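Below are the chains, spelled out letter by letter.
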Amino acid sequence: MKRTLLLATAIALGAMTSMAAAAGLPPLEEKERYKVGFSQMESNNPWRIAETKSFHDTAESCGWDLIATDAAGSAAKQVADVDSMIAQGIDVLFLPPREEKPLIPAVKKAKAAGIPTFLVDRSVDPNAAKAGEDYVSFLGSDFIDQGKRVAEWTIENFKGDKGVIVELEGTTGSSPANDRKKGFDDRILQDERFEIVASQTGDFARDLGRQVMETLLQAHPDVNIVYAHNDEMAIGAIQALELAGRKPGEDVLVVSIDGTRDALQAIIDGKMGVTVESSPFFGPLACATMKRYAAGETIEPWVQVEDRIFTPENAADHIDEAY
Ligand code: AHR
């Protein structure tokens, strides 16, 4: 009986190893505990803090001995953090790459070291590294669709004749900045009422968003729509608008992405129009996907997260669950 069980386990393990190997990916054995690396890019906003907390909160129930690092806003440090995790012998790597290109060597190095990597929340340049080959899978939202949904809400809800838009972009070279710009710009510019008069990075940060908005307001005093690639920059923009004597929500429509507590409060207060959700709670999904992979399942190249939309109609219903 014992022998048969052992044999069956060995066959299953062999099949699992060969499935991963056939795809050219490092295998992952099923076991009680895993040494897991989570390489955070920065901790300068509530979204990042919520994401890191989600990994810590998941660790015990998923059997993770978690090594979590913070690259403090530097892609170079994030590469070094991954190097250090590889040296510490992690079994699995969860990586939100700060930018699309600089983290590619880290992804390839993890693979060469036999460590399965899951990209979490942000992706890398698909021409340089591919899911199912260089890393197992990308777990995250459809950023192009998020931008498109903000544009569609704006088209439906903007009351004026001419929409003069300032766009606050996320971190230059990051997948959400690239994709949220594409999704929004392509859709909004199909409607002749709208013009994007300026588009500049605020690095996904509240204070930089405020500073950039202050400068752009001087160059474009006729702005009546602000599209920010995340809520932190939207809140910064609201501060800049108020300092300049403008009335966000009345003479300027502010629209954004994420679903943070401050953004939902701004919607309830009438200062913001909409935020399309981008969930930071990746811990449970990371655990489930890793376990499926360890069990020998072929993981889809993109494990897509569905996003809700928060508007004046439902923001109050969701503020208690926001971060
Ligand atoms: O990658 C997701 C984005 O990164 C979130 O929208 C933003 O708040 C974060 O910094």
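Residues numbered from 1 in each chain as written. Predicted model: local features only at pLDDT ≥ 70, side-chain atom pairs only at ≥ 80, totals over all residues. Heavy atoms only, no water.

(A) Just the site of the ligand, in detail. Taken together, Asn45, Trp47, Arg48, Asp121, Arg122, Pro176, Arg180, Asn230 and Asp258 make up all the residues around the ligand. Asn45 places a side-chain nitrogen or oxygen 3.1 Å from an oxygen atom of the ligand. Starting from 280 Å² of accessible surface for the ligand in isolation, the protein chains cover 100%. When residues of the shell around the ligand are traced back to their parent elements, those giving at least two are α2 (46–62) and α6 (175–188). A breakdown of the residues in the shell around the ligand according to their chemical character gives 2 nonpolar, 2 polar and 5 charged. (Near = heavy atom within 4 Å. Polar contact = N/O pair within 3.5 Å; in protein donor to acceptor, adjacent residues only side chain to side chain. Areas by Shrake-Rupley, 256 points an atom, 1.4 Å probe, with all protein chains shown as cover. Helix = DSSP H or I, 4+ residues; strand = E, 2+ residues; numbered from the N terminus. Nonpolar A, V, L, I, M, F, W, Y, C, P; charged D, E, K, R; others polar.)

(B) The confidence of the model for the protein chain, seen in detail. For the protein chain, per-residue confidence averages 94 on the pLDDT scale, and residues scoring 70 or more make up 93% of the total. The spread of mean pLDDT over the elements of the protein chain runs between helix α1 (residues 2–22), the lowest at 48, and strand β8 (residues 225–228), the highest at 99. Every residue in residues 1–18 scores below 50 in pLDDT, and together they form 9 contacts with partners more than four places removed in sequence or on other chains. (pLDDT = per-residue confidence, 0-100. Contact = heavy atoms within 4.5 Å.)

(C) Just the packing of helix α7 (residues 206–219) against helix α8 (residues 231–243), in detail. At a minimum axis distance of 7 Å, the contact between α7 and α8 shows a crossing angle of 45°. As far as their axial angle goes, α8 and α7 are oblique. Between α7 and α8 lies a crossing of right-handed hand. Judged by residue contacts, Arg206, Gly209, Arg210, Met213, Glu214 and Leu217 of α7 engage Glu232, Met233, Ile235, Gly236, Ala237, Gln239, Ala240, Leu241 and Leu243 from α8. Looking at the contact of α7 with α8 residue by residue, the class counts come to 8 nonpolar, 3 polar and 4 charged. (Axes fitted to C-alpha atoms, helices over the stretch in contact; angles between N-to-C directions. Parallel < 35°, antiparallel > 145°, perpendicular 65-115°, else oblique. Left-handed = near helix turned anticlockwise from the far one by under 90°.)

(D) Highlighting unusual backbone geometry. A positive phi angle, close to 65°, is found at Phe204, a residue other than glycine. You can see Phe204 is positioned in the loop between β7 (194–201) and α7. One non-glycine residue, Asp258, adopts positive backbone phi at about 145°. With respect to the helices and strands, the residue Asp258 is situated in strand β9 (residues 253–258). In this structure Asp258 comes out as buried when scored by relative accessible area, which is 5%. (Buried < 20%, exposed > 50% of the residue type's maximum accessible area, 1.4 Å probe, protein only.)

(E) Spatial organisation of the pattern of salt bridges. Summed over the entire model, instances satisfying the criterion amount to 30 salt bridges. Lys77 is the partner of Asp81 in a salt bridge, and the nearest nitrogen-oxygen pair spans 2.9 Å. Pair noted here: Asp81 and Lys77 are both in helix α3 (residues 75–87), with a separation of 4 residues, about one helical turn. The structure contains a network of salt bridges with shared partners spanning Glu42, Arg98, Glu99 and Asp203. (Salt bridge = Lys/Arg side-chain N within 4 Å of Asp/Glu carboxyl O.)

(F) Fine view of the pairing of strand β10 (residues 274–277). Of the two faces of β10, both are covered, the one formed by Val274 and Val276 as well as the one formed by Thr275 and Glu277. The pairing of β9 with β10 spans 4 bridges and is classified as parallel. When the bridges of β10 are listed, Ser256 appears paired with Thr275. At this point the chain moves from β9, through helix α9 (residues 261–268), to the parallel β10, and the crossover so formed is right-handed. Where β10 and strand β12 (residues 309–310) come together, 2 bridges link them in antiparallel fashion. Bridged to Val276 within β12 is Ile309. (Pairing = 2+ DSSP bridges. Right-handed = clockwise from strand over helix to strand, strands pointing away.)

(G) Region of the structure containing the packing of α8 against α9. Packing of α8 against α9 leaves a shortest axis separation of 9 Å and a crossing angle of 45°. What the angle tells us is that α8 and α9 run oblique. Relative to α9, the crossing made by α8 is left-handed. Taking contact as the criterion, the partners of Asp231, Ile235 and Ile238 in α8 are, on α9, Asp262, Ala263 and Ala266.

(H) Region of the structure containing the sheet that holds strand β6 (residues 163–169). Taken together, 6 strands build an open sheet; the order of strands is β7-β6-β8-β9-β10-β12 and the sheet is mixed. Sheet topology places β7 and β12 at the edges, where each strand pairs with a single neighbour. Alignment of β6 against β8, held across 4 bridges, turns out to be parallel. By the bridge assignment, Leu168 is partnered in β8 with Ala228.

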